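# Observations on the model geometry
Here are the chains, one letter per residue:
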Amino acid sequence: MAVPRLVDKLHGHLEQVDSIAALPNGRCASGGRDDTIRIWKLESREQIALLRGHTGNIVALVPLQGDLLASASADRTVRVWDVLGQKQLRLFDGHRGKVLALVSLLRPPESPGAGVVASSSTDLTVRLWDVDAGCQVSVIRASDNPRNEDCITSLTVPSIGRLVGGANDGSIRVWDTNSAAELGRMRSHKKAVLCLNTLPGGLVVSGARDRLIKLWDLTTWQEMGELEGHAAGLSCIVILPSGRLVSAALDGKIKLWDIGARREIATVLADRSTVSALTAHPEGHILSSGPSDHSVKIWDFENRNEVAALAGHAGAVTALMALPNGWLASGCAGGIVKVWDPDFRREVGHLPGHEGAAITALALLPGGRLLSASMNGVVKVWDIDECREVAAMCRLMTAIAILPDGTIASGSTDQVVRLWASDLGSEVARMPGHSDQVTSLAVLPNSGRLASGSRDATIKIWDVGSRRNFSTLRGHTGWVNALAVFPSGGHLCSSSADGTLRVWDTEGCVEMVLLWGHGLGVTALAILPNGWLATGARDKVVKVWTHSRSTMSVRAQSRSDAARLNVHELRSLPPSTRRPGGCEAAAPSVSEGPPIDRAATGAEGGAELGEN
């Protein structure tokens, strides 16, 4: 399960960062609108060099042989720097307009020197520069009668002797770098091509303002497929060492893709407006930037570790509950509740008693006893230490949560959220609003609010004190199966029959992270006290996930539990600047109870809890 994680930030630029490049020996370079290039040591997060000379924002950075770095700027120049010596070696000033893109041409491995770089500009030319000789090699003109539509906005180099450019008219153009002749054009994008890259094997990847990513085979001049999912134009594309693709868009979102399967794996909100720079570091990190805080963000997109797979259930895992001692309780479609010790990957408790009826909910009562509910309308109370049933009653509940004052919240097939006295003997209030069965409940700490998930594909946030619907979170396209709250209380994780996990900011009412690709689908969620995420699925296995220790920032050890679960930086985005889609204000009326017509509500029985 690939889960994007914000590892840290590099602060130093005074204005927006527009370019980033990975350098050897664990370093990276960033160029900003403050006209500076800064060199960073990723391990220590330190700035180790500052390069000045440009008089405009740095739009592109390209590492060359050894410690050489090429830069392109809105000041119409291309420069070459000695990073170690912190000095400028070359100045190429032949362009008559802003430089838009910069690449280094491929050459045989044994070739000496720094080679040739190519730059495109608003002057509607692409120029080739010999770094060693310090001169212009050739000029490629966009067309015989160039127009703004012919402006080359992006470049990539698929092979020796070839250069590919993306144009404002949506075309992909290919040139022979030896003769500077155009070899052909490929058209499919409906708007300007803003970014290009090359996959291992030579396939070219393009991203455009039409929100599409396309794959191109230069040997057949054919489009090989497309990736669709961004809600805004593409700004950057990079290829990970694993061969997966990472794309960034003008709406601030970064997506991870499985190219072979043509599917999206994960989405993360990286900036509140746009992603202006993106690169992949050989050590496995993704580096990004945007206009929000002038920083370079360090992301871990692939180093997520499964630390335990707890097999033993005979049916799909339908409910999970984290226990205070670090253990985990799970219920399945076969009516069995099991207790696990994730640290030792072993089952420590087996609680039968629901006569084969699917477990619908688990909750922890004050005092440490476990409450379980099943589809046959039975609720049981268990002593976990002794693995024995201590009480039972008849009441149909498909979701349960325990409020801080001991009040019990429940959901059922009748679409209503109910509040009960702590002994489940009397109903305190009911909160209607869902249009289908309530499947899950979660208490938001220190807020007086309760979240409910439903088969109507929505999540509702309730103010328990006023019994009113505070907001509705929309985004899932299938049943909401499970909810889990991060320890900070400000973020909520949900799983759905649509195959996704989503992380929500419950205060700003916005979806922050979207995760795809969970096999048979996650049907149960829980977050353990140590910050691990537990998931249950139709494959009958409970899995426990944590981040690789080797990729954890040393600074993250002092942060809150939420930091371990990828959302600590998301709190820095003010609610007023977040995408409001996915949340709607709501204020349905609430009826206080009793009296209640139990036959009408579908609540079966009504017996008090009785000792066995």
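Because the structure is a prediction, the values reported are computed rather than measured.

## Topic: the overall build of the protein
- A tally of regular secondary structure across the protein gives one helix and 55 strands.
- Going through the 612 residues of the protein one by one, you find that 58% of them count as buried.
- In the protein, the share of contacts with a sequence separation of at least 24, taken over all contacts with a separation of at least 6, comes to 46%.
- Summed over all atoms, the accessible surface of the protein reaches about 23300 Å², with 48% contributed by carbon and sulfur.

## Here's the deal with the pairing of strand β28 (residues 296–300)
- Along β28, five of the five residues are buried, which leaves the element largely enclosed by surrounding structure.
- The sheet contact formed by strand β27 (residues 285–289) and β28 spans five bridges and is antiparallel. Across the sheet, the residue bridging to H285 is D300, located in β28.
- Counting the residues that bridge the hairpin from β27 to β28 gives six residues, and of these H294 lies at a positive phi of roughly 65°.

## Focus: the packing of aromatic side chains
- Counted under the stated rule, the structure contains one aromatic pair.
- Centre to centre, the rings of F92 and W129 are 5.0 Å apart; their planes meet at 25°, and the pair counts as stacked. Here the residue F92 occupies a position in strand β9 (residues 87–92), and W129 occupies one in strand β12 (residues 125–130), the gap between them amounting to 37 residues.
- A cation over a ring is seen here: R455 above W479, with NZ or CZ 3.7 Å from the ring centre.

## So, the nonpolar core
- Judged by nonpolar contacts, the single largest core of 32 residues is most densely connected at V246, I254, L278, I286, W299, F301 and L525.
- Here the element with the most residues in this core is strand β25 (residues 263–269); it accounts for four residues.
- Those residues in contact with V246 that sit more than four places away from it in its chain are C236, I237, V238, L240, I254, K255, L256, L278, I286 and F301.
- The next biggest cluster of nonpolar side chains, apart from the first, holds 16 residues, and it includes V379, V381, A391 and I400.

## Focus on the sheet that holds strand β5 (residues 46–52)
- The strand order across the open sheet formed by four strands is β2-β3-β4-β5, and the pairing between neighbours is antiparallel. The strands lining the two open edges of the sheet, one partner per strand, are β2 (17–23) and β5. The mean inter-strand angle of the sheet, taken between neighbouring strand axes irrespective of direction, is 20°.
- Here strand β3 (residues 27–32) pairs with strand β4 (residues 36–41) via five bridges, running antiparallel. When the sheet's bridge partners are listed, C28 is paired in β4 with W40.

## Let's talk about the pairing of β9
- Bridge analysis of strand β8 (residues 78–82) against β9 gives five bridges, and the strand direction is antiparallel. The residue of β9 that forms the bridge with D82 is K87.
- In sequence, β8 turns back onto β9 through a hairpin of four residues, with Q86 there showing a positive phi of about 55°.

## A closer look at the sheet that holds β8
- Taken in spatial order, the four strands line up as β6-β7-β8-β9 in an open sheet, and their pairing is antiparallel. Each edge of the open sheet carries a strand with a single partner, namely β6 (58–63) and β9. The average undirected angle you get between the axes of adjacent strands in this sheet is 25°.
- Two elements, strand β7 (residues 68–73) and β8, share five bridges in a ladder whose sense is antiparallel. For S71, the partnering residue across the bridge sits in β8 and is R79.

## Some remarks on the environment of D217
- Along the polypeptide, D217 turns up in strand β20 (residues 212–217).
- D217 sits in the buried class, given a relative accessible area of 17%.
- Setting aside residues no more than four positions away along its own chain, D217 makes contact with L203, Q222 and M224.
- Side-chain polar atoms of D217 contact the side chain of T219, separated by 2.5 Å.

## What about the layout of surface pockets?
- The volume enclosed by the largest pocket comes to roughly 1700 Å³.
- Lining the largest pocket are 49 residues, with A60, L102, L155, L196 and L278 positioned closest to its centre.
- Those elements giving two or more residues to the lining of the largest pocket turn out to be β2, β6, β10 (99–104), β14 (152–156), β18 (193–198), β22 (234–239) and β26 (277–280).
- Tallying contributions element by element places β22 first for the lining of the largest pocket, with six residues.
- When its residues are assigned to classes, the lining of the largest pocket shows 31 nonpolar, 15 polar and three charged.

## Examining the side chain of R418
- Relative to the helices and strands, R418 is located in strand β40 (residues 416–420).
- For R418, the side chain forms a polar contact with the side chain of D414, separated by 2.7 Å.
- A distance of 3.1 Å separates a polar atom in the side chain of R418 from a polar atom in the side chain of E427.

## Some words on the pattern of salt bridges
- All told, the structure shown has 25 salt bridges when counted by the stated rule.
- Here R388 makes a salt bridge to E386, at a shortest N to O gap of 2.6 Å.
- Accessibility expressed as a relative area gives 51% for E386, which makes it exposed.
- Salt bridges sharing partners connect three or more residues here, namely R147, D150, D169, R173 and R187.

## Some words on unusual backbone geometry
- Positive phi outside glycine occurs at A180, with the angle close to 60°.
- With respect to the secondary-structure elements, A180 resides in the loop between β16 (171–176) and β17 (181–187).
- Positive phi, close to 60°, is recorded for R467, a residue that is not glycine.
- Looking at the element boundaries, R467 is found in the loop between β44 (458–463) and β45 (468–474).
- The class of R467 is buried, set by a relative accessible area of 15%.

Cut-offs used in this document
Per chain, the residues get numbers from 1 upward, laid out in the order the sequence is written. Restriction of local features to residues with pLDDT of at least 70 applies here, the model being predicted, together with a cutoff of 80 or more for giving and counting side-chain atom pairs; totals for whole chains, interfaces and linings are based on all residues. Working from all heavy atoms in the structure, the side-chain values ignore hydrogens and water. A helix here means a DSSP run of H or I that spans at least four residues, while a strand means a run of E at least two residues long, and both kinds are numbered starting from the N terminus. Categorising residues by exposure relies on relative accessible area from a 1.4 Å probe, with only protein chains included: less than 20% of the type maximum marks a residue as buried, more than 50% marks it as exposed, and the intermediate range marks it as partly exposed. Whether two residues touch is decided by their heavy atoms; if any such pair falls within 4.5 Å, the residues are in contact. Here the accessible surface of atoms and residues is derived via Shrake-Rupley with a 1.4 Å probe, and residues count as covered only by protein chains that are part of the display. Pairing between strands is defined by DSSP: at least two bridges between them are needed. Only rings of Phe, Tyr and Trp enter the pairing, Trp through its six-membered ring, and a pair is recorded when the two centres are within 6.5 Å. The plane angle decides the type: under 30 degrees is stacked, over 60 is edge-to-face, the rest tilted. A ring has a charge above it when a Lys NZ or an Arg CZ is no more than 6 Å from the ring centre and no more than 35 degrees off the ring normal. By nonpolar core is meant a set of buried Ala, Val, Leu, Ile, Met, Phe, Trp, Tyr and Cys residues that side-chain atoms within 4.5 Å join together. Orientation is described by axes fitted as lines to C-alpha atoms, over the contacting stretch for helices, and by angles from 0 to 180 degrees between their N-to-C directions. Counted as a polar contact is a pair of N or O atoms within 3.5 Å, where, for protein atoms, one must be capable of donating a hydrogen and the other of accepting one, and residues adjacent in sequence contribute only when both atoms are in side chains. Here the term cavity refers to a set of points on a 1 Å grid, laid over the protein atoms alone, in which a 1.4 Å probe fits but cannot get out; the term pocket refers to an open set having protein on both sides within 12 Å along at least five of seven lines, with lining residues being those that place an atom within 4 Å of a point. Grid points are joined across faces, edges and corners, and a volume is the space filled by probe spheres set on the points. Residue polarity is assigned by list, with Asp, Glu, Lys and Arg as charged and Ala, Val, Leu, Ile, Met, Phe, Trp, Tyr, Cys and Pro as nonpolar; anything else, Gly included, falls into the polar class. Put simply, a salt bridge is a Lys or Arg side-chain nitrogen that is within 4 Å of an Asp or Glu carboxyl oxygen.

Everything listed here is a matter of geometry and, on its own, says nothing about what the molecule does.
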